[in-house]
Amino acid sequence: MKRLVILGGGESGVGTAILAKKKNYEVFVSDKEAIAEKYKKVLLHNEIEFEENQHTETNVLNADLVMKSPGIPEKVELVQKLIKMQIPVISEIEFASQFTDATIIGITGSNGKTTTTLLTHHILKEAGLHVGIAGNIGDSFAQQVAEQNYDLYVLELSSFQLDGIENFSPHIAIITNITPDHLDRYEYDFKKYVESKFSITKNQTKQDYLIYDADDIAIQNWLEKNKTEVQLIPFSIERELEFGAFLKENKIITKINTEEFTMPLSNLTLQGKHNVKNAIASAMAAQLLKVRKQTIKESLSNFEGAEHRLENVQKVKEVQYINDSKATNVNATFYALECMDNPTVWIVGGVDKGNDYHDLLPLVREKVKAIVCLGIDNKKIIETFNNVVDIIVETAGAEEAVKVAAKLASKGDTVLLSPACASFDLFDNYEDRGRQFKKAVRSIL
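Residues numbered from 1 in each chain as written. Predicted model: local features only at pLDDT ≥ 70, side-chain atom pairs only at ≥ 80, totals over all residues. Heavy atoms only, no water.

Q: Mind showing me how you'd approach the pairing of strand β18 (residues 368-374) here?
A: One face of the sheet, then the other: side chains in a regular strand alternate in exactly this way. The buried fraction of β18 is high, at six of seven residues. In the sheet, strand β17 (residues 344-348) pairs with β18 via five bridges, with the strands oriented parallel. When the bridges of β18 are listed, threonine 344 appears paired with valine 368. Tracing the backbone out of β17, into helix α14 (residues 361-367) and back to the parallel element β18 gives a crossover that is right-handed. One ladder, built from five bridges, connects β18 with strand β19 (residues 391-395); its direction is parallel. Directly across from valine 372, in β19, lies its bridge partner valine 393. Following the backbone out of β18, through helix α15 (residues 379-385) and into the adjacent parallel β19, one traces a crossover that is right-handed. (Buried < 20%, exposed > 50% of the residue type's maximum accessible area, 1.4 Å probe, protein only. Helix = DSSP H or I, 4+ residues; strand = E, 2+ residues; numbered from the N terminus. Pairing = 2+ DSSP bridges. Right-handed = clockwise from strand over helix to strand, strands pointing away.)

Following this line, the structure appears as structure tokens:
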């Protein structure tokens, strides 16, 4: 019996444990922190051995195989020891994919991957297909492979999840864009981060497809320098393409093989340039899976969007509050600010992952009337914007940030939470940050 050690007792760790036990592995889960009560119950119920608040080396280093949760960096000493001992260290996605024959659509990118994943899943579900959604979103992929029997999976894949793959290969891969993010995990080397994203296509064959943004310089550069067998399907909102998808006269047009599909932009529920791209990528994935054009059109026009991503919370005293907590990098915040039509009080800050805020200067100058900092260390934000915005206030939590923003906003303004940073200093994660923001907004009525 093979021994699988799982590092991390969260969603991906516990899901992998359930699948591994079903496949007759000897399973041991080890977490350096306390394991959340709901996961502990699952481990106990399934009689899976685990430890918390420590990694006992003797129990870890005797593994045949290790599944490392995506949040644990490779440079951690224990992981380095495993690598030196030549014990394979893989991701949940790699482990689970070998136990399913389902068609997989894998979606990655610095921004837009959640919306594109939700939208693709929505179209396929509306088409009556038996489809699951997993990866960086929803329930664990491994657990779904263990307990469900889906024909298709739409997987949102972060670079951390892709770092641990060896044989995983989606039938359709989508790369939404690549901009500097998580550089702290890649030795501040953008090239390494780009390589990580492109590992989504490394095992694809000529029977598979890669849908990508042809306007993205990092993607274009990689494709020019690297040979790949996969069928390339580009999209652009800047120029007409002979093959792939583009915009013309305010319509989305896709040309794949002999199939042509058109849809007026006005029919899209999602607004903003970046969402046009997300919609195009999702529509092309659905087309490749032979979904009817009418179903694609209807799905794009009735999709409601992702929580914490440019989510209208409500209007209070004629000020619109928008929750964009999922904007954990500068590029995502760029999109958010680009969508703002009214004077904006911008709530920003958190754990800086090597951010360069200079790209935001023109938008901030044009649209932002005040900045409310929401982080423990706001030095870089203040230094970048203090000559551009007259009012910059530091706060120590969502409630205080919302109260200050409400005082600074006038009728017709927008208060935008778009942090451009990770949330781990004051919050559990971006969802917790978004929920606290929404709660604070609702309490100022």
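Additional details are given in the paragraphs that follow.
Q: Hey, could you run me through the packing of aromatic side chains in this one?
A: Think of a pair of aromatic rings as described by two things: how far the centres are apart, and how the planes are tilted against each other in angle. Counted under the stated rule, the structure contains seven aromatic pairs. Between tyrosine 25 and phenylalanine 95, the ring centres sit 5.4 Å apart and the planes meet at 70°, which makes this aromatic pair edge-to-face. Of this pair, tyrosine 25 sits in the loop between α1 (11-22) and β2 (26-30) while phenylalanine 95 sits in helix α5 (residues 92-97), placing them 70 residues apart in sequence. Taken as a pair, tyrosine 25 and phenylalanine 95 share a single burial class, namely buried. With a centroid separation of 5.5 Å and 85° between ring planes, the pair formed by tyrosine 150 and tyrosine 153 is classed as edge-to-face. Grouping aromatic residues by their ring pairs yields a cluster made of Tyr25, Phe95 and Phe99. (Phe/Tyr/Trp six-rings, centres within 6.5 Å; stacked < 30°, edge-to-face > 60°.)

Q: Would you mind going over the sheet that holds strand β1 (residues 3-7) with me for this structure?
A: Two strands in a sheet stick together by hydrogen bonds in their backbones, pointing the same way (parallel) or opposite ways (antiparallel). With parallel pairing, the five strands of this open sheet are ordered in space as β3-β2-β1-β4-β5. Here the strands that pair on one side only, and so sit at the sheet edges, are β3 (49-51) and β5 (89-90). Bridge count between strand β4 (residues 65-68) and β5: two bridges; the pairing is parallel. Note on β5: the bridge partner recorded for methionine 67 is isoleucine 90.

Q: Looking at this structure, how should I read the nonpolar core?
A: Most often, soluble globular proteins keep nonpolar side chains buried together rather than apart. Of all hydrophobic cores here, the largest spans 48 residues; its most connected members are Phe141, Leu155 and Phe198. No other element matches the five residues that α1 contributes to this core. Beyond its immediate chain neighbours, meaning those up to four positions away, phenylalanine 141 contacts Glu92, Ile93, Ala96, Ser97, Thr100, Ile104, Ala134, Gly135, Tyr153 and Leu155. (Core = buried A, V, L, I, M, F, W, Y, C linked by side-chain atoms within 4.5 Å. Contact = heavy atoms within 4.5 Å.)

Q: So what exactly am I meant to see when it comes to the pattern of salt bridges here?
A: Two side chains of opposite charge can pair, provided their charged atoms sit close to one another. Inspection of the entire model under this criterion finds 13 salt bridges. Note that lysine 40 is salt-bridged to glutamate 52, the shortest N-O span being 2.8 Å. A residue pair is termed long-range when its members are at least 10 positions apart, and lysine 40 in helix α2 (residues 37-45) and glutamate 52 in the loop between β3 and α3 (57-60) qualify at twelve residues. Classification of glutamate 52 as partly exposed rests on a relative accessible area of 22%. For aspartate 213, the salt bridge is made with lysine 277, and the minimal N-O distance between the two is 2.7 Å. Remark: lysine 277 occurs in helix α11 (residues 273-288) and aspartate 213 occurs in strand β10 (residues 209-213); sequence separation between them is 64 residues. Of the residues examined, aspartate 213 reaches a relative accessible area of 3% and is grouped as buried. Linked through salt bridges whose partners overlap, the residues forming this network are Glu57, Glu77 and Lys81. (Salt bridge = Lys/Arg side-chain N within 4 Å of Asp/Glu carboxyl O.)

Q: I tried to follow the side chain of threonine 414 on my own but got confused; where do I start?
A: Position of threonine 414 relative to the elements: it lies in strand β20 (residues 414-417). Beyond its immediate chain neighbours, meaning those up to four positions away, threonine 414 contacts Gln320, Ile322, Met340, Asn342, Pro343, Thr344 and Val345.

Q: Looking at this model, I keep getting lost on the pairing of strand β16 (residues 319-323). Mind explaining?
A: Extensive coverage of β16 is indicated by the burial of five of its five residues. Pairing geometry for strand β15 (residues 311-316) and β16, over five bridges, is antiparallel. Across the sheet, residue glutamate 311 finds its bridge partner in β16, namely asparagine 323. What sits between the antiparallel neighbours β15 and β16 is a turn of two residues, in which lysine 317 has the positive phi angle 50°. Of the strand pairs in this sheet, β16 and β20 are connected by four bridges, and their pairing is parallel. Each bridged residue has a counterpart across the sheet, and for asparagine 323 the counterpart in β20 is leucine 417.

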